[in-house]
Amino acid sequence: MKNNELMSVSVRGLLSNQTVAKLVSIAKNINIKGYSGKTKSALVELIYPRITDRTFLEDLFLICDHRSWEYILTSSTDSSPTQVPNSVLSPCEALAELCLLQCTKGDSCSFIVMPAEIKEVFAQFSADGYMERKAKADLLDRYALAVTHLYGLIRQDEFVSIFNAQNSVKTDVDEMFSVLIQHVQSDAPYGFWDDYLTHSLFEENEYKDTEDLLSALTGKQRFIPERNLLLQYADPNFIERSPASNRFMRFFCDKMSCSERIAADITSEFSFACQVDASIGKALSLLDTYDLRLTKDRAKELIPLLVDLSNHTRKWSNCGFTPEEIHQQKIRSSSVRQGRKIGRNEPCPCGSGKKYKKCCGF
């Protein structure tokens, strides 16, 4: 299709190109009633006002994935098709299913075109503060992804406290809930349970494991990383690199002949298994996905590496601290209780990371 043909698309034209069955599916998806028995042209006239309605579009784009949002935003002003990496194409394809974008898919990247009617609405968005509301909603979503990945669950008021401490824009529990519940209804990998924001993993057994985790957290201090590090946890595959994770990854490259990418994926999956305190047997079963089999000798090499990885992984049951960090805290606490004289050049037992002479011994 030629470039000028691509850029002349309209919502009405895209709807007219759909089959009756597809138009009925669109009507169902956007909760329009009275579609039964209608002709194709009648279905187009029924659907068109709804999907070009500004309020409908505001709510729909508010929960659009922040990674694809920048491309959608670019397409609202582009005079040519907007190139989009296939890795973030899924939300664009969902919008194309509703005839709100035209999407042409390629092998590694795709192209999207925004219909003229939707561009007109976007022009209004820029004038009335919608973009600021969208940016805040995206930030709340990223924090929800990050904290549920790092902690498993967190009280809603504590989530708000962390968000407000790290950002100039502020929120409260009511606003946070009203924004995030829309993402939950759109299958976000987190949810709400009682007064908590939780990882979707708890849904698998109807939140029965939440009580066990809350019991394990009793009396424990929470690890709160600085903002940039915390937001990296919004990526479900993110792990903090450490000598232990690097050794674990090298084992699969050097001893199991895996590529760097496959070894990194395996390390990410094992790290998450450690994070949720999965058993060694359950963790090792992850290798079945990659069709990898361990000999007895290879298993003897891997198990100590797995234990080391676990000791340096941030765990839900430790409020985000690693077992090694907990161990070091106990050593420092024991040293202080026993009254041992601390050397001026030793790490300060308060855990600041500074030398004693430049911290509490100043």
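Cut-off values and rules
Residues numbered from 1 in each chain as written. Predicted model: local features only at pLDDT ≥ 70, side-chain atom pairs only at ≥ 80, totals over all residues. Heavy atoms only, no water. Helix = DSSP H or I, 4+ residues; strand = E, 2+ residues; numbered from the N terminus. Buried < 20%, exposed > 50% of the residue type's maximum accessible area, 1.4 Å probe, protein only. Contact = heavy atoms within 4.5 Å. Areas by Shrake-Rupley, 256 points an atom, 1.4 Å probe, with all protein chains shown as cover. Lys, Arg positive; Asp, Glu negative; His and termini not counted. Charge placed at Lys NZ, Arg CZ, Asp CG, Glu CD. Pairing = 2+ DSSP bridges. Axes fitted to C-alpha atoms, helices over the stretch in contact; angles between N-to-C directions. Salt bridge = Lys/Arg side-chain N within 4 Å of Asp/Glu carboxyl O. Polar contact = N/O pair within 3.5 Å; in protein donor to acceptor, adjacent residues only side chain to side chain. Expected span 1.5 Å × (residues − 1).

## Some remarks on the overall build of the protein
Thinking step 1. Within the protein one finds 18 helices and 6 strands.
Thinking step 2. Along the first, second and third principal axes, the C-alpha atoms of the protein reach 85 × 50 × 40 Å.
Thinking step 3. For the protein, with 362 residues in total, the buried portion stands at 42%.
Thinking step 4. Taking as baseline every contact in the protein between residues at least 6 positions apart, the subset at least 24 positions apart corresponds to 59%.
Thinking step 5. For the protein, the computed accessible surface area is about 19200 Å², with 50% contributed by carbon and sulfur atoms.
Thinking step 6. Side chains of the protein carry 44 positive and 47 negative charges; the gap between the two charge centres is 7 Å.

## With respect to the sheet that holds strand 5 (residues 190-193)
Thinking step 1. Within the open sheet, the 3 strands sit side by side as 4-6-5. Their pairing is antiparallel. A strand with exactly one partner marks an edge of an open sheet, and here the two such strands are strand 4 (153-155) and strand 5. Strand-to-strand, the axes of this sheet are offset by a mean angle of 25°, without reference to chain direction.
Thinking step 2. Here 3 bridges tie strand 4 to strand 6 (residues 196-199), and the two strands are oriented antiparallel to one another. By the bridge assignment, R155 is partnered in strand 6 with Y196.
Thinking step 3. Packing against the sheet, helix 12 (residues 209-217) makes contact with strand 4, strand 5 and strand 6, and its axis sits at approximately 70° to strand 4.

## Details of the pattern of salt bridges
Thinking step 1. Counted according to the given criterion, the structure contains 21 salt bridges.
Thinking step 2. The residue E97 makes a salt bridge to K22 at a minimum N-O spacing of 2.3 Å. Of this pair, E97 sits in helix 7 (residues 90-97) while K22 sits in helix 3 (residues 20-29), and the two are 75 residues apart along the sequence.
Thinking step 3. In this structure E97 comes out as partly exposed when scored by relative accessible area, which is 45%.
Thinking step 4. Residue R54 is joined to E58 by a salt bridge in which the shortest nitrogen-to-oxygen separation is 3.0 Å. Here R54 pairs with E58, and both are found in helix 5 (residues 54-62), just 4 residues apart, close to one helical turn.
Thinking step 5. Residue classification places R54 among the partly exposed positions, given a relative accessible area of 24%.
Thinking step 6. Each member of the salt-bridge network shares a partner with another, and the members are R54, E58 and D128.

## Considering the pairing of strand 6
Thinking step 1. In the sheet, strand 5 pairs with strand 6 via 4 bridges, with the strands oriented antiparallel. Of the residues in strand 6, the one forming a bridge with Y190 is H199.
Thinking step 2. Between strand 5 and the antiparallel strand that follows it, strand 6, lie 2 residues; D194 among them carries a positive phi value of about 55°.

## Structural notes on the side chain of S317
Thinking step 1. Its location among the elements puts S317 in the loop between helix 17 (296-311) and helix 18 (323-337).
Thinking step 2. On the basis of relative accessible area, S317 is assigned to the buried category, the value being 14%.
Thinking step 3. Separated by 2.7 Å, the side chains of S317 and D277 make a polar contact.
Thinking step 4. When residues no more than four places from it in sequence are discounted, the contact partners of S317 are L213, A216, L217, K220 and D277.

## Observations concerning the environment of H149
Thinking step 1. Mapped onto the secondary structure, H149 falls in helix 9 (residues 130-151).
Thinking step 2. Judged by relative accessible area, which is 6%, H149 ranks as buried.
Thinking step 3. Residues H149 and A234, 85 residues apart in the sequence, show an inter-C-alpha distance of 7.1 Å.

## What about helix 11 (residues 173-185)?
Thinking step 1. Between its first and last C-alpha, helix 11 extends 18 Å over 13 residues, near the 18 Å set by a 1.5 Å rise per residue.
Thinking step 2. Those residues of helix 11 lying buried are M176, V179, L180 and H183.
Thinking step 3. Those residues of helix 11 that are buried lie in contact with helix 5, helix 9, helix 10 (156-166), strand 5 and strand 6.
Thinking step 4. Residue D172 occupies the N-cap position of helix 11, its side-chain oxygen lying 3.2 Å from the main-chain nitrogen of D174.
Thinking step 5. At the C-terminal side of helix 11, D187 shows a positive phi close to 70°.

## Considerations on the sheet that holds strand 2 (residues 102-105)
Thinking step 1. Taken together, the 3 strands give an open sheet; going across it, the order is 1-3-2, and neighbouring strands pair in antiparallel fashion. If you trace the sheet from one side to the other, it starts and ends with strand 1 (82-85) and strand 2, each paired once. Neighbour-to-neighbour, the strand axes of the sheet open up by a mean angle of 30°, direction not taken into account.
Thinking step 2. Helix 6 (residues 66-75) contacts strand 1 and strand 3 (109-113) of the sheet and is inclined by roughly 170° relative to strand 1.

## A few points about the environment of S80
Thinking step 1. Tracing the backbone through its elements, the reader meets S80 in the loop between helix 6 and strand 1.
Thinking step 2. Separated by 206 residues in the primary sequence, S80 and L286 place their C-alpha atoms 45 Å from one another.

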